[in-house]
Amino acid sequence: MWIPIVLCIALLVCFILAAGVMKTREMEQENRLMQSYMFSMEEFYAGIQSRIDATRKYRHDLAKHIQTLEELLGRQSDSSEIQDYMNNLKQRYDVLKHQEFCRDELVNSILTIKKEQCAERGILFDVKVEDCIYNGIEEIDIVGLLHNLLDNAVEAQDRITDGDEKGVWFSMRRDEKNIWIHVRNRVQKGEKVTFETSKARKEEHGIGTKIIENLVEKYSGTMKIRVDEKEGIFEEEIILCCKE
C-alpha cells in the first residue's frame, strides 16, 4: 500500500526537479541572449555616435567652406563659376538640415536610420517630434527603446500583403517630468496579432520586447497597447519619468 504512495511522491519530486532544471536552463539562455543583445546595442550606439561625429564635422566644414566662398565672391569681378559652386554647396547643406527631426542628435540619428530603412522598402514613415533635447534618460536606453520600438514597427510591414497600405507613424514629446512616445503602424488586416518574428534568429524573438518592458519599468513608466485587427492598426504609447 505504501509503495504506490512512495512511488508517486518520488515521481512528483523528480518532476519538480526536472521542471526546476528546465526553468534554470531557460533563464540562463535568456540571460545569455540578453547579454548578447545588449552588446549589440552598445555596438549600435557606438556606430550612431560615430555617425553623429561625422555629420557634425561635415556640417561644420561645409558651413566654413560656404563662408570662404562668399568672401571670395566679394573680391572677384567674374564670379559666375564660384557662385554656381557655392549654390550647389548650399543646396547640399539645406538637404542635410532638412534631414533633421529635432536638435537631439541621438534621437535624430536613430530616426534618420529608420527613415532610410523605410525608404528602401517603400514604407511610409511619418515623424512628429518636439524639437528639444531628450535628457533625463540615459543615452544607451534611448537607443535601445527607440531602436526596438521602430524595429518592431518596420518588421510588421514585411508581413503585410503587397499592395495593401503600409506605414509607420512616430511621435515624441516631453515636459519637465515625462517623455511621451507614440508609435502607430499598419498590420495585416483581419489577422490576429501574434508578434511572431520574421527574423532569421528566431531564438532572439521577444528579447527586444523584453528590453522595452525593462526600460519602461526602469523609468517608472507606463505602456499601453491597442490593436485594431479589423482596420489593421497597432499602437503603442509609452510614458517615461525623466530622472534628475
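In every chain, residue numbers begin from 1 and rise along the written sequence. Local features are withheld for residues below a pLDDT of 70 in this predicted model, meaning they are given only at 70 or higher, and side-chain atom pairs are given and counted only at 80 or more; totals for whole chains, interfaces and linings count all residues. Working from all heavy atoms in the structure, the side-chain values ignore hydrogens and water.

Participant: How would you explain the sheet that holds strand β3 (residues 178-186) if you had to name every residue and give the values?
Facilitator: Across the sheet, five strands lie side by side as β1-β2-β3-β5-β4; this open sheet has mixed pairing. Sheet topology places β1 (124-129) and β4 (222-228) at the edges, where each strand pairs with a single neighbour. Strand-to-strand twist across the sheet, computed as the mean angle between neighbouring axes with direction ignored, equals 10 degrees. Should DSSP find at least two bridges between two strands, the strands are taken to pair. Numbering of helices and strands runs from the N terminus; a helix is a DSSP stretch of H or I covering at least four residues, while a strand is a stretch of E covering at least two. In this sheet, β3 lies alongside strand β2 (residues 167-174) in antiparallel orientation, the contact comprising seven bridges. When the sheet's bridge partners are listed, R174 is paired in β3 with I179. Two residues qualify as a contact provided that any one of their heavy atoms is within 4.5 Å of a heavy atom in the partner residue. Axis angles are defined between N-to-C directions and span 0 to 180 degrees, where every axis is a line fitted to C-alpha atoms and, for a helix, only to the segment in contact. Across the sheet, helix α3 (residues 105-121) touches β1 and β2, and the angle it forms with β1 is around 165 degrees. Taken strand by strand, helix α5 (residues 207-218) contacts β4 and β5 (233-241), and its axis lies near 35 degrees from that of β5.

Participant: Break down the pairing of β1 for me, citing the residues and quoting the values.
Facilitator: Side chains on a regular strand alternate between the two faces of the sheet. On β1, burial follows the alternation: F125, V127 and V129 on one face are buried, whereas L124, D126 and K128 on the facing-out side are not. For β1 and β2, the ladder comprises six bridges, and the chain directions are parallel. Each residue of the ladder has a partner; that of F125, found in β2, is V168. For crossovers, right-handed means that the path from the first strand over the helix to the second runs clockwise, given strands pointing away from the viewer. Taken together, β1, helix α4 (residues 139-157) and β2 constitute a β-α-β crossover, and its handedness is left-handed. Using a 1.4 Å probe on the protein chains alone, a residue whose accessible area is under 20% of its type maximum counts as buried, one over 50% counts as exposed, and one in between counts as partly exposed.

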